[in-house]
Amino acid sequence: MKIIGLALVTLVFAASCKKQTINKIEDSIVEGEWKVTLFQEDGNNETSDYTDYRFKFNSDGTVTVQPGMLTVTYTGTWKTEKDSDHVDFILNFAMPANLEELSDDWEVLSQSKTKLELEDVSGGDGSIDKLTFEKI
């Protein structure tokens, strides 16, 4: 009986921690603008594809992106979800191609008020992609 009680407490604690992590991400990501400080895909560092891009994550689940000095603005969506053993940060962009590359269900590795580190393991070949946002 003690083992069942301990298991239940552990499950409640783990769910609570995930909810707190989701709340922290959602609270901090909507404050200010963010930039990509690392984007690594299939072992290639492609961070320079996002030089001067400014990301604004909105509380309604939309994200707007202003690329450099251009007057065009792109939009996409974002959300957080708890998975069985981690929290996902889900991005979706329809265009342009370099923003589509960021569309994925990223696992949250770490987060703070000024930095969000994400990772995705490819189901096909097992390669690991990395994405890091930092507050401007």
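Now for a description of the structure that goes with this document.

Structural notes on the environment of Gly-68
Working step 1: Take Gly-68: it is sitting in the loop between β4 (62-67) and β5 (74-82).
Working step 2: Along the chain, Gly-68 and Asp-52 lie 16 residues apart, while their C-alpha atoms are 4.5 Å from each other.
Working step 3: With near-sequence residues (within four places) excluded, Gly-68 lies in contact with Asp-52, Tyr-53 and Arg-54.

Things to note about a negative patch on the surface
Working step 1: Taken together, the side chains of Asp-42, Asp-49, Glu-100, Glu-101 and Asp-125 make up a negatively charged region of the molecular surface.
Working step 2: Position of Glu-101 relative to the elements: it lies in the loop between α2 (97-100) and β7 (104-111).

Some details on the environment of Glu-31
Working step 1: Mapped onto the fold, Glu-31 is located in the loop between α1 (2-29) and β1 (34-41).
Working step 2: By relative accessible area, which is 42% here, Glu-31 ends up partly exposed.

Analysis parameters
- Residues numbered from 1 in each chain as written.
- Predicted model: local features only at pLDDT ≥ 70, side-chain atom pairs only at ≥ 80, totals over all residues.
- Heavy atoms only, no water.
- Helix = DSSP H or I, 4+ residues; strand = E, 2+ residues; numbered from the N terminus.
- Contact = heavy atoms within 4.5 Å.
- Patch = residues over 30% accessible without salt bridge, like charges linked within 9 Å, V, L, I, M, F, W, Y side chains within 5 Å.
- Areas by Shrake-Rupley, 256 points an atom, 1.4 Å probe, with all protein chains shown as cover.
- Salt bridge = Lys/Arg side-chain N within 4 Å of Asp/Glu carboxyl O.
- Lys, Arg positive; Asp, Glu negative; His and termini not counted.
- Charge placed at Lys NZ, Arg CZ, Asp CG, Glu CD.
- Buried < 20%, exposed > 50% of the residue type's maximum accessible area, 1.4 Å probe, protein only.

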